[in-house]
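Below, each chain spelled out in residue letters.
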Amino acid sequence: MRKLLVAMLILTCVVMTQAGWNYAETVLNFANDDSVKIGGTGAVSGDWFRQASPHGVVVDAEGKFWVAFHDGYGPDQSGSPEFMVGEDTCHYKPLYVFNADGTPASFSPITVLEFPDGVLDTLYAESYANGSGKGISLDNDGNILYSAWSTVYLINYQTGAGIARFIPSSLGSITEAVQDDAGFIYVGYVVPSGRPIYLLDESLERIGNAVDSTFQITRSLCVKTGTDVTRLYNGTTWNGNGVMVWESENPEFEEFAPVDTIGNLAEYTVGDTTYTNVKLWSSSLDWTPDGNLLVGSLRQSWAGPLGSQWWIMDPVTGEYYDNFGVPVDDEIGNSPWGHHVPGGANGPRGGFFTDATTLYTVDFYLATLDKWTWEESAVDNDVVVVDKFSLKQNFPNPFNPVTTIQYSIAKDADVKLTVYDMLGKEVQTLVNSRVTSGNYQVQFDASNLATGVYIYRLETEGQTLSKKMMFLK
């Protein structure tokens, strides 16, 4: 296991905007104003409740948001959540789709899927095979892979019509389904109890098993096709044991073999408290644009100090690069209705990058769809340039205990270079004087500081640049 010590954000503190992922806005708040879009105002009407607990999000090529919901019943847009199956009253559990402006898509909510052979499949709570949304992703053609209880659906993103479906012989709550570059699709069980991770073709026909038998509780899968091998990742939850890594040289003919577990830490320090043998409870896994893993870590009351946050992790080494999201305690997480914490995280459950600077995430317990943006100025060869002054990334980074910070000034100016902790508290002023034009480097010694993530900020001519650095012992 690896050692990582990182300072965490505290809910009541205001943190400066900095280079990295920053909260931009809550696009849809299903716990409050937008609850009417998914089944009502929250009041009980008869025996149905509004849907809640988003369990994954994707954005299609037309900019529409597809959100899987785990809990509650939901009506169609005309009103009634109920329909009859023989003499039994049943309740829709739809898949919801929203336009970029937050209005429902023309075919949303999807309560009945029609397939090319004319078969109709109704999404409802009492179904033996579908209902609760368990995850969502895009296939290689941009269509929707939707896991609903024990069924994987392939859905046309333009029309909302069904293309194909897969129902395993052993029914049970399944993970999200994901596709690799070769077209193979993977799906497993939340509680596998020795059941497999299935290997499907592009039409959701079963080829065989990617993994014959698994036992760790998991909700998420990710897959990456490399030059020589395909890597399959599944994130473990209760009780968390990091992200399990499997490899196969030929998935169609060779079962995946376990090769590593990443994300667990020998030590992790928050403030003055050091935790040992820390396990990662990864409730969601998604790819970042640069090929790293976006990990949503389950709520802290269960998952420990790594919980209630989003993490960026190297998929090969397991090194943590960044974390974001304001950890929210369970008092709010258990009763989100009426509460809203900007950038809050209690139960991260899926993210989707529309480009290198825009990320959308959903939180299971806070019932929000949030937008995040990458905050950084124009970059050229790792140099940030704004109005003729620049700030480079410190080196080495991570460091222990000394690192070098380089900056450039195009003309004589008053310069201030300051180091802050993640709570916005000033740690040390490295430069505060009149500086002539030129290139400079300054050493920062963190020997007397707590280990963790720090921000260094350059101010001159009324403008500011900032970057993150990580001090590891």
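*Asks:* Explain unusual backbone geometry to me, please; I cannot follow it from the model alone.
*Replies:* Excluding glycine, residues mostly carry a negative phi; peptide bonds, for their part, are mostly trans. With omega at -5 degrees, the peptide bond leading from Ser108 into Pro109 counts as cis. Locating Pro109 in the fold gives a position in the loop between β7 (96-98) and β8 (112-114). Omega for the peptide link from Asn400 to Pro401 comes to -10 degrees, which places this bond in the cis form. Look at Trp149: it is not a glycine, yet its phi comes out positive at around 60 degrees. Structurally, Trp149 is set in the loop between β11 (144-148) and β12 (151-155). For Trp149, a relative accessible area of 30% corresponds to the partly exposed category. For Leu204, which is not glycine, the phi dihedral falls at a positive 65 degrees. When you line up the elements, Leu204 lands in the loop between β16 (197-200) and β17 (206-211). According to the relative accessible area criterion, Leu204 is buried, its value standing at 2%.

*Asks:* Would you mind going over the packing of aromatic side chains with me for this structure?
*Replies:* Given two aromatic rings, their pairing is described by the distance between the two centres and the angle made by the two planes. Tallied over the entire structure, the rule returns 26 aromatic pairs. On the basis of an interplanar angle of 65 degrees and a centroid distance of 6.1 Å, the ring pair of Phe399 and Phe444 is categorised as edge-to-face. One end of the pair, Phe399, is in the loop between β35 (389-392) and β36 (402-409); the other, Phe444, is in strand β39 (residues 438-445), and 45 residues separate them in sequence. There is no split in this pair, since Phe399 and Phe444 are both buried. Note on Tyr407 and Tyr440: the rings are 5.3 Å apart at their centroids and 15 degrees apart in plane angle, and the pair reads as stacked. One end of the pair, Tyr407, is in strand β36; the other, Tyr440, is in strand β39, and 33 residues separate them in sequence. Feature note: the residues Trp238, Trp281, Trp302, Phe364 and Tyr365 constitute an aromatic cluster, connected by ring pairs. In this structure, Lys224 packs its charged tip against the face of Trp287, placed 4.2 Å from the ring centre. For Arg349, the ring lying beneath its charged end belongs to Phe364, and the centroid distance is 4.1 Å.

*Asks:* What is the right way to read the sheet that holds strand β18 (residues 218-225) from this model?
*Replies:* Neighbouring strands of a sheet are bound in pairs by backbone hydrogen bonds; such pairs are parallel or else antiparallel. Taken together, the 4 strands give an open sheet; going across it, the order is β18-β19-β20-β21, and neighbouring strands pair in antiparallel fashion. In the strand order of this sheet, the two ends are held by β18 and β21 (257-262), each with one partner. Averaged over all pairs of adjacent strands, the angle between their axes in this sheet comes to 25 degrees, without regard to strand direction. Both β18 and strand β19 (residues 230-236) contribute to a ladder of 7 bridges, which runs antiparallel. Directly across from Cys222, in β19, lies its bridge partner Tyr233.

Conventions we followed
Residues numbered from 1 in each chain as written. Predicted model: local features only at pLDDT ≥ 70, side-chain atom pairs only at ≥ 80, totals over all residues. Heavy atoms only, no water. Helix = DSSP H or I, 4+ residues; strand = E, 2+ residues; numbered from the N terminus. Buried < 20%, exposed > 50% of the residue type's maximum accessible area, 1.4 Å probe, protein only. Phe/Tyr/Trp six-rings, centres within 6.5 Å; stacked < 30°, edge-to-face > 60°. Lys NZ or Arg CZ within 6 Å of the ring centre and 35° of its normal. Pairing = 2+ DSSP bridges. Axes fitted to C-alpha atoms, helices over the stretch in contact; angles between N-to-C directions.

It is worth stressing that arrangement in space is one thing and function is another; only the former is reported here.
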